[in-house]
Amino acid sequence: MPQTTRTNDDWFQFRRILTDERSRGIVIQVLVVLAIVAFIAFITRNTLINLERSGLTTGFGFLADPAFFDINQPLIEYNSQSSFARALLVGLLNTLLVSILGIIGATILGFIAGVLRLSKNWLISRLVTAYVEFTRNVPVLLQILFWWALLTGLPKVRDSVSIADTAFLNNRGLRVPGPITEPGFMWVLIALAIGIAAAVVIARWARKRQDLTGQTFPSGLTGLGLIVAFPVLVHLALGQPLDWEIPERTRFNFRGGINITPELIALWLALTTYTGAFISEIVRAGILSVSRGQSEAAFALGLRPNLTMRKIILPQALRVIIPPLTSQYLNLTKNSSLAIVIGFQDLVSIGGSILNQSGHSLEIVAIWMAIYLSLSLATSAYMNWYNKRIALVER
Amino acid sequence: MTHEPFHRTHDDMLSERPAPLATVGVLGWMRANLFSSLANTALTILAIYLLWISVPPFLQWAIFDGQLYGEDRFSCTGDGACWAWLDQRIGQFLYGFYPSEETWRIDLALVLLFPALAPWLMENVPGKRYMRWFSVAYPFIATFLLVGGFGLTEVSTDDLGGFSLNLVVGLSGIVLSLPVGILLALGRQSRLPLIRWFSVIFIEVVRGVPLITLLFVSNIILPIFLPADVALNSVVRVIVMITAFASAYMAEVIRGGLQAIPKGQYEAAQAMGLGYWQSMRLIILPQALKISIPGIVNTFIGLFKDTTLVIVIGLFDILGIARAMVSNPDWLGLSSETYVFVSLFFFVVCYAMSRYSMSLERKLDTDQR
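Just so we're clear, the structure is a prediction, and the values are computed from it rather than from any experiment.

**A few points about the overall build of chain A**
So, point 1. In terms of regular secondary structure, chain A is built from twelve helices and eight strands.
So, point 2. Over its C-alpha atoms chain A spans a radius of gyration of 29 Å, topping by over 25% the 21 Å that the globule rule assigns to 395 residues.
So, point 3. Dimensions of chain A, computed from C-alpha atoms along their principal axes, come out at roughly 105 × 70 × 45 Å.
So, point 4. Each of the 395 residues in chain A was classed as buried or not, and the buried ones make up 30%.
So, point 5. Counting only contacts in chain A whose residues sit at least 6 apart along the sequence, the fraction spanning at least 24 positions is 65%.

Below, the structure is given as structure tokens:
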């Protein structure tokens, strides 16, 4: 074979590799992998050099060391001799606490605001619009700082604002009555659990019966009775094992009760109002997405507006609402990390303290990321499951 | 037989009578919109009550009782808001610690921003072609103006602060996150598994963690990852992190748009012999981006609000300046005034963006109705 043809052949082969879709794909992917491997090798090398130079060790062993710092109002037992790991756990619990409270508050506020914004009442819908637009367009960090400044600017403990003489508001927070439980209280909790279980069973049975026979059963009211009245009756029968300790004024402070810190209240208020505004938009879009024919058909069947909303509009709107709602919940959880600016000791804030004290920055950041990632993956897994369950079944 | 006139009819047409007073005009409007039912009336009264207890006292505090001038907080004697700090500190709120004789450069950069944005935001701009070249050059011009060199006095980026820092970080993030987001969205849809996995992992990890942890990474981890002699500027690091953060969200928004394009469009592009990049550039992306506009602008708004987070790594944006000022003995405790003032800046910018996106949505809504 003559020389020239062979080089031409090679050139042709080479060009074919680049133009053929499959081989070109392989070439591109190999290049990407090489780039990533080179990048990782680069930062690993630098990290090793830098760590050696600064004399730092790596590994998670330091988590067992005592923390030597205090945490304000830990949810579980903690003192400055406790380990770093326990401090992180306290922080995680605080993050979960404020996130769950915020999610509950924001959902309620968001649904109310979303429905009210569609109200025919001009004044109400304008007021709600003003709230939504203002809150959505101002950074949440600013709102957290604002609420915190407002709460810490309240009167001193001596001049606390009394709310019906049971709760007291001052610049150190809100002091509310605390529960005192006696041994018999266990039974009340058991009664509550039984009530919930029974309510679920009855609701299922009622739905099945309605599907089969068309007869309705007031499962909502019955359930409420089982969940509320049954435990209350048990509570009364056992001689009221749960008592409330009303805070009592002393000369400089209060005795008894639970103090909710201004940091927690400020964070909760800011996250609730901020996320609530976003949720109200989602709810509004969801309700508007249900075609008008649905409500007209419901009215034609003789359903009252209230029932139409509950049985026709909301179930269909929920399908549209759930996916973006999930990401709002995740955003709220992530935004709770802004607690660090007002000194609420959440996961990030305590992680920061540990980082400053031990210097194990790589490990702390890895822990942060792992925890937040698993929180968000778990939430989206649950919501995907829920979403699949309520998704429209089409032919 | 004579025709007995039927008593209840008229022979002539009755003249029109005005509609009942309660259904027209202000009264009718109020009846329909405010007092249509008992519940509605209750809501209206509640709303009026809420407005009554909040708006007049606020105006009284902010405006009628407000004090505009003074040396420090002690010269504010009234019950109202103390705006005296505005007079002395407004420069810091806008420009941070930028040398005061050089602030014209920031002003100029801001003024030049408008012609740079105009060809992208407005339809009828004369000389659109040349204006676009100016837009491309604008980032370099702005950087030159802000940082200096080549004849201008050099200013350290550490002196950047106040609202101009928010604008610099926000605009850079916006300009950079859109192309990165598009690439990530395409990567996530790619048929090449490695590219797809890489995009998925990047997007999910970045979206799964709070921005604050990424900023900590930029501050604490990046110096460990980089060779000792490389020191990245703190503003640049923040821009990189905020861009990475926003582009993951952007990618998801654009992916939604890509998924909404009917398969026929992809197939038609292929049938016409267009390659991957050509079909994306000419057929798919123009349509996908159009549907994604609301989401894209929302991401921009989120990004701009997130620029306040730079305070956790020790930069002084407008919020950082405000926070520093209210802990200064001269102005201690003026947090309501300062935070109200700062929130106005963000509200104006973000609200304008959302309004613009709404009008664009209406304009681009080419569906047959």
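**Here's the deal with helix α2 (residues 38-64) of chain B**
Along an α-helix, residues three or four apart share an orientation, since each turn contains 3.6 residues.
Residue and element names in this part refer to chain B.
So, point 1. A rise of 1.5 Å per residue sets the reference length of α2, with its 27 residues, at 39 Å; its end C-alpha atoms lie 37 Å apart and thus fit the reference within 8%.
So, point 2. Its axis deflected by about 25° at Leu51, α2 carries its strongest bend there.
So, point 3. Within α2, only two of the 27 residues are buried, which leaves the element largely exposed.

**Considerations on the domain arrangement of chain A**
So, point 1. For chain A, the domain assignment lists domain 1 (15-54) and domain 2 (84-153 + 260-390).
So, point 2. The C-alpha centroid of domain 2 of chain A is placed 40 Å from the C-alpha centroid of domain 1 of chain A.

**What to know about the confidence of the model for chain A**
So, point 1. When pLDDT is averaged along chain A, the result is 84, and 96% of the positions lie at 70 or above.
So, point 2. By mean pLDDT, helix α1 (residues 3-19) of chain A is the weakest element of chain A at 68, and helix α8 (residues 262-289) of chain A is the strongest at 93.

**Things to note about the sheet that holds strand β8 (residues 258-260) of chain A**
Residue and element names in this part refer to chain A.
So, point 1. Reading across the sheet, the four strands line up as β1-β2-β3-β8 and stay open at both edges, with antiparallel pairing between neighbours. If you trace the sheet from one side to the other, it starts and ends with β1 (161-163) and β8, each paired once. Averaged over all neighbouring strand pairs, the angle between strand axes comes to 20°, with direction disregarded.
So, point 2. As paired strands, β1 and strand β2 (residues 167-170) are joined by three bridges and run antiparallel to one another. Among the inter-strand pairings, Ile163 is bridged to a residue of β2, identified as Ala167.

**Notes on the interface of chain B and chain A**
How big an interface is tends to be stated in terms of accessible area lost as the parts join.
So, point 1. Listed by partner, the interface residues are 44 residues for chain B and 42 residues for chain A.
So, point 2. Listing elements by their share of the side of chain B that touches chain A, those giving two or more residues are α2, α7 (193-208), α8 (211-225), α12 (318-326) and α13 (335-364) of chain B.
So, point 3. Here the residues of the side of chain B that touches chain A sort into 30 nonpolar, twelve polar and two charged.

**Overview of the pairing of β2 of chain A**
Residues and elements named next belong to chain A.
So, point 1. Only one face of β2 is buried: it carries Phe168 and Asn170, and the other face, with Ala167 and Leu169, is open.
So, point 2. Sheet topology note: the β2/strand β3 (residues 173-176) ladder contains three bridges and is antiparallel. Its bridge partner being in β3, Phe168 is matched across the sheet by Arg175.
So, point 3. Counting the residues between successive antiparallel strands, the hairpin from β2 to β3 contains two residues.

**Here's the deal with the nonpolar core**
So, point 1. Among the nonpolar cores identified, the biggest contains 137 residues, and Ile144, Leu145 and Leu267 of chain A are the most heavily contacted of them.
So, point 2. Looking at this core element by element, the count peaks at 15 residues for helix α9 (residues 234-260) of chain B.
So, point 3. Look past the residues within four positions of Leu267 of chain A in its chain and what remains in contact with it is Val98, Ile144, Ser336, Ala339, Ile342 and Phe344 of chain A.

**Remarks on the domain arrangement of chain B**
Residues and elements named next belong to chain B.
So, point 1. Looking at the assigned domains, one finds that chain B contains domain 1 (100-155) and domain 2 (156-363).
So, point 2. The straight-line distance from the C-alpha centre of domain 1 to that of domain 2 is 21 Å.
So, point 3. With five residues of domain 1 at the contact, the number on the domain 2 side is seven residues.
So, point 4. Sort the elements by how many residues they give to the side of domain 1 that touches domain 2 and helix α5 (residues 128-147) lands first, with three residues.
So, point 5. Of the residues assigned to the side of domain 1 that touches domain 2, the class counts are five nonpolar, no polar and no charged.

Conventions adopted
- Residues numbered from 1 in each chain as written.
- Chains lettered and ligands numbered in written order.
- Predicted model: local features only at pLDDT ≥ 70, side-chain atom pairs only at ≥ 80, totals over all residues.
- Helix = DSSP H or I, 4+ residues; strand = E, 2+ residues; numbered from the N terminus.
- Rg over C-alpha atoms; globule rule 2.2 N^0.38 Å.
- Buried ≥ 20, exposed ≤ 12 C-beta atoms within 10 Å, placed from the backbone.
- Contact = placed C-beta atoms within 7 Å.
- Expected span 1.5 Å × (residues − 1).
- Bend = angle between axes of the 7 residues up to and from the residue.
- Domains from an automatic or database assignment.
- pLDDT = per-residue confidence, 0-100.
- Pairing = 2+ DSSP bridges.
- Axes fitted to C-alpha atoms, helices over the stretch in contact; angles between N-to-C directions.
- Nonpolar A, V, L, I, M, F, W, Y, C, P; charged D, E, K, R; others polar.
- Core = buried A, V, L, I, M, F, W, Y, C linked by C-beta atoms within 7 Å.

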